[in-house]
Amino acid sequence: MLRLMKLNILTHDNKSGLYLPKNNWLVGVITLLNSKPDIRSIIVLVSDIRGFTTMSEAIPIGVLTRLMADWFEKVQSIVEFRSGRIDKFIGDCVLAKWEVVGGGSTHANLQALHCALEIEEYTSGLHHSFPEIQSPLQIGVGLNKGEAAVGVSSYNTIMGDVVNTAFRLESV
């Protein structure tokens, strides 16, 4: 499928000092839309910080921003070290996946479990680096294994019941 999008090229107008549209260009962007989804066996990890909304209302935004930047970076490194891939961060939540290759899921299962434990250990110690946080942070984790559509849309995301169930498990 070919999608067309309007692209405005800006040029500096010396008289007004403003950047104005130079020309309107139509640019063809090829979007590969596969009518048959790529279904794979995966393990899904969903984790978020418990009480995040209350905490975010109680600490300065600068502290919250530094805290979450540190958390995102460390969680991503833990997931990647454990051979997983981040699908996305959603607020204070991470969605990650491990593809199950062949019939052997034992290795992927163990990697996902170790990942969850390492995220919990790291998160619970964050208050030592941020004195504005009075007590250890806690997380919720949902892990699930099953078939999912992978590489969905231009966001290259995962989708299916296995993902929905992982989110429900995380909230328990």
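Cut-off values and rules
Residues numbered from 1 in each chain as written. Predicted model: local features only at pLDDT ≥ 70, side-chain atom pairs only at ≥ 80, totals over all residues. Heavy atoms only, no water. Core = buried A, V, L, I, M, F, W, Y, C linked by side-chain atoms within 4.5 Å. Buried < 20%, exposed > 50% of the residue type's maximum accessible area, 1.4 Å probe, protein only. Helix = DSSP H or I, 4+ residues; strand = E, 2+ residues; numbered from the N terminus. Contact = heavy atoms within 4.5 Å. Pairing = 2+ DSSP bridges. Salt bridge = Lys/Arg side-chain N within 4 Å of Asp/Glu carboxyl O. Expected span 1.5 Å × (residues − 1). Arc of directions from axis to C-beta.

### Structural notes on the nonpolar core
Within the largest apolar cluster, 28 residues are counted, with the highest numbers of intra-cluster contacts made by Leu45, Met55, Leu67, Trp71, Trp98 and Ile119. Within the residue set of this core, elements represented by two or more residues are strand E3 (38-49), helix H1 (52-58), helix H2 (61-81), strand E5 (93-99) and helix H3 (106-124). At eight residues, the largest contribution of residues to this core is made by H2. Residues in contact with Trp98, not counting those within four places in the same chain, are Ser41, Ile42, Ile43, Leu45, Val79, Arg82, Ser83, Gly84, Ala108, Gln111, Ala112 and Cys115. Membership of the second largest hydrophobic core comes to eleven residues, among which are Ile42, Val44, Val46 and Ile158.

### Considering the pairing of E3
Within E3, nine of the twelve residues are buried, leaving the element largely enclosed by the surrounding structure. Judged from the twelve bridges that link them, E3 and strand E6 (residues 139-152) form a sheet pairing that is antiparallel. The partner of Ser47 across the bridge, within E6, is Val141. Pairing of E3 with E5 involves seven bridges; the strand directions are antiparallel.

### Remarks on the pattern of salt bridges
Counted under the stated rule, the structure contains eight salt bridges. With its nearest N and O atoms 3.4 Å apart, the salt bridge here joins Arg50 to Asp48. For Arg50, a relative accessible area of 31% corresponds to the partly exposed category. Among the charged side chains, a network of salt bridges with common partners joins Asp38, Arg40, Lys97 and Glu99.

### A short note on H3
With 19 residues, H3 should reach 27 Å at 1.5 Å per residue; the first-to-last C-alpha distance of 27 Å fits that figure. Among the residues of H3, Ala108, Gln111, Ala112, Cys115, Ala116, Ile119 and Thr123 are the ones counted as buried. In an axial view of H3, the angular spread of the buried residues amounts to 135°, which keeps them on one side of the axis. In H3, the exposed positions angled more than 90 degrees off the buried face are occupied by Thr106, His107, Leu117 and Glu121. Of the surrounding secondary structure, the elements contacted by the buried residues of H3 are E3, H2, E5 and E6.

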